[in-house]
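Coordinate inspection notes
Residue-level listing of the chains:
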Amino acid sequence: MRVTIASGKGGTGKTTLSVNLAAYLAKHKKDVVLADLDVEEPNSQLFIIGEEKSCTTANKMVPHWDKSECTYCGECADICNFNAIVALSDEIIIYPQLCHSCYACSELCPTNSLPMQSERIGEIKLFESKGFDLIEGRLDLGQEMAVGLIAQTIDFIDKGYEDSLKLFDAPPGTSCPVIEATKKSDLVLLVTEPTPFGLNDLTLAVETMKVLGKKMGVIINRYGIGDDAVEAYCKAEHIPIVAKIKNDKAVAECYARGELVYEQIEHFKASIEQIANFIEDYR
Amino acid sequence: MKIIFTAKGDNWESKIDERFGRAEMFVLFDEADDSFKAIKIETEHMEHGAGLQTAQKALELSPDVIITGNGAGNKALDILKRSSVKMYIGAGEMSLKEAYEAYKNEKLNLQF
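Residues numbered from 1 in each chain as written. Chains lettered and ligands numbered in written order. Predicted model: local features only at pLDDT ≥ 70, side-chain atom pairs only at ≥ 80, totals over all residues. Heavy atoms only, no water.

1. Here's the deal with the overall build of chain B
The secondary structure content of chain B amounts to 3 helices and 6 strands. Radius of gyration (C-alpha) of chain B: 12 Å, near the 13 Å computed for a compact globule of 112 residues. Oriented by its inertia axes, the alpha-carbon framework of chain B measures out at about 35 × 25 × 25 Å. Looking at chain B residue by residue over its 112 residues, the buried ones come to 52%. Distance between charge centroids for chain B: 4 Å, based on 15 positive and 19 negative side chains. (Helix = DSSP H or I, 4+ residues; strand = E, 2+ residues; numbered from the N terminus. Rg over C-alpha atoms; globule rule 2.2 N^0.38 Å. Buried < 20%, exposed > 50% of the residue type's maximum accessible area, 1.4 Å probe, protein only. Lys, Arg positive; Asp, Glu negative; His and termini not counted. Charge placed at Lys NZ, Arg CZ, Asp CG, Glu CD.)

So, in structure tokens, the structure goes:
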């Protein structure tokens, strides 16, 4: 089973929740693996005292220009949906950051002047920690295509952890990387806060997940601040509220020290337990 | 001199479009024969790489000068700098006519 922890808004507590949930489940003898799919800025690893077990290079295929037979017809630039190729009268310029590896330019080039070649975009690391593994996708600086690396990180997990409960820590927002991190999941847990900002971005996330046809649950973090509009919204939309995590400065202090929160704060542990039970019931 | 203006309309009274990559249109003015031509640039559907395509379009018109507002972004600059074109910026609030006069009077800044 795959569960994605997502949110419209950034900074709602996805990573805190993912790491604590994984650690809690592992402590209770559950077979669980955590994936950090926020490949543009992965940080789950900061909260895990683990050992790096492997590091795999992640590549993508991009066209390379071979000028010998090129007639500068410009078909490649015309056909590229992602504007990754500029055809000038005496040069074909490729922007690998924009390339989606669709092969159209390479396949349709009349002179076969754009052979595809592998190019590094980042790495996939495996950390072994107390009772569970963390798989981290990390995009190299200057790379723009998070989606490909997210897909490769999920593949890595699907191959190595067939029967495990797979927790995916998603990037924030509602754009392509979030869709890639949720599209294969059985359940999406949306973390939000009870504020107008939280509600606005939760609404966007819910609308996105509806299009994908995903089962959802909402976790309200920092419960007690703001207003009750998020709760009213979830009720109206018939989305279960899985847990309400109390607003508590002690949680932030724990997090800032890089420590597991559930081991130290009872009410937080109770919320994690509710989330674990919700997932268990869902299974 | 062949001059491209990034424009929001197709005549001398139209405003300069301060954006380069996502400019609404180019107006190509050739001082040699006073020819004046508006060319639509369709980048609304592009999520990424609009600047690159606009730069390519600009070079296809082989201008000597481009007059715009804020200037081009890094990727577009990378393309434009392969030619000898000069880009003048700071005309964002002007009409095409005002921008042309400002260029003539050396009141615009050179981006490159």
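Having seen the structure, we can now continue with the description.
2. Structural notes on the overall build of chain A
If you tally the helices and strands in chain A, you get 9 helices and 11 strands. Once the C-alpha set of chain A is aligned to its principal axes, its extents read approximately 70 × 40 × 35 Å. Here chain A holds 283 residues, and the buried ones make up 51% of them. By sequence separation, contacts in chain A at least 24 residues apart represent 73% of the contacts at least 6 residues apart. Split by element, the accessible area of chain A, about 13100 Å² in all, is 49% carbon and sulfur. Chain A carries 28 positive and 43 negative side-chain charges, and their two centres are separated by 7 Å. (Contact = heavy atoms within 4.5 Å. Areas by Shrake-Rupley, 256 points an atom, 1.4 Å probe, with all protein chains shown as cover.)

3. Here we look at the side chain of T16 of chain A
Mapped onto the elements, T16 of chain A comes out in helix α1 (residues 14-27). Discounting residues that sit within four places of it in the chain, T16 of chain A has contacts with Y255, V261 and F268 of chain A.

4. Considering the interface of chain A and chain B
With 13 residues of chain A at the interface, the matching set in chain B holds 12 residues. Approximately 1100 Å² of surface area, both sides summed, lies buried where chain A meets chain B, with 56% of it carried by carbon and sulfur atoms. Between the two partners, chain A and chain B, sit 2 salt bridges. With 3 residues, the top contributor of residues to the side of chain A that touches chain B is strand β4 (residues 85-87) of chain A. When the residues that make up the side of chain A that touches chain B are grouped by side-chain class, the tally is 9 nonpolar, 2 polar and 2 charged. (Buried area = accessible area lost by both parts, 1.4 Å probe. Salt bridge = Lys/Arg side-chain N within 4 Å of Asp/Glu carboxyl O. Nonpolar A, V, L, I, M, F, W, Y, C, P; charged D, E, K, R; others polar.)

5. Comments concerning the pattern of salt bridges
Residues and elements named next belong to chain A. What the rule picks out here adds up to 21 salt bridges over all chains. Between D155 and K184 there is a salt bridge, with its nearest N and O atoms 3.8 Å apart. Note that D155 is positioned in helix α4 (residues 146-160) and K184 in the loop between α5 (176-182) and β9 (187-192), a separation of 29 residues in sequence. The exposure class of D155 is partly exposed, given its relative accessible area of 33%. You can call K184 partly exposed: its relative accessible area is 39%. Residues joined by salt bridges that share partners form a network here, namely E52, R120, E123, K125 and D140.

6. Regarding the packing of aromatic side chains
Residue and element names in this part refer to chain B. Counting across every chain of the model gives 12 aromatic pairs over all chains. Here the aromatic rings of F20 and F26 are separated by 6.2 Å at their centres, their planes lie at 35 degrees, and the arrangement is tilted. The pair F20 / F26 is uniform in exposure class, with both members buried. The structure contains a cluster of three or more aromatic residues connected by ring pairs, namely F5, W12, F29, F36, Y88, Y100 and Y103. (Phe/Tyr/Trp six-rings, centres within 6.5 Å; stacked < 30°, edge-to-face > 60°.)

7. Some details on the domain arrangement of chain A
Residues and elements named next belong to chain A. Each assigned domain of chain A is listed with its residue range as follows: domain 1 (2-51 + 121-282) and domain 2 (61-119). Using C-alpha coordinates to define each centre, domain 1 is positioned 38 Å away from domain 2. In this complex, domain 1 contributes 5 residues to the contact, which on the side of domain 2 involves 5 residues. Across the interface of domain 1 and domain 2, roughly 430 Å² is buried in total on both sides, 51% from carbon and sulfur atoms. Linking domain 1 with domain 2 are 0 salt bridges. Its residues assigned to classes, the side of domain 1 that touches domain 2 comprises 2 nonpolar, 2 polar and 1 charged. (Domains from an automatic or database assignment.)

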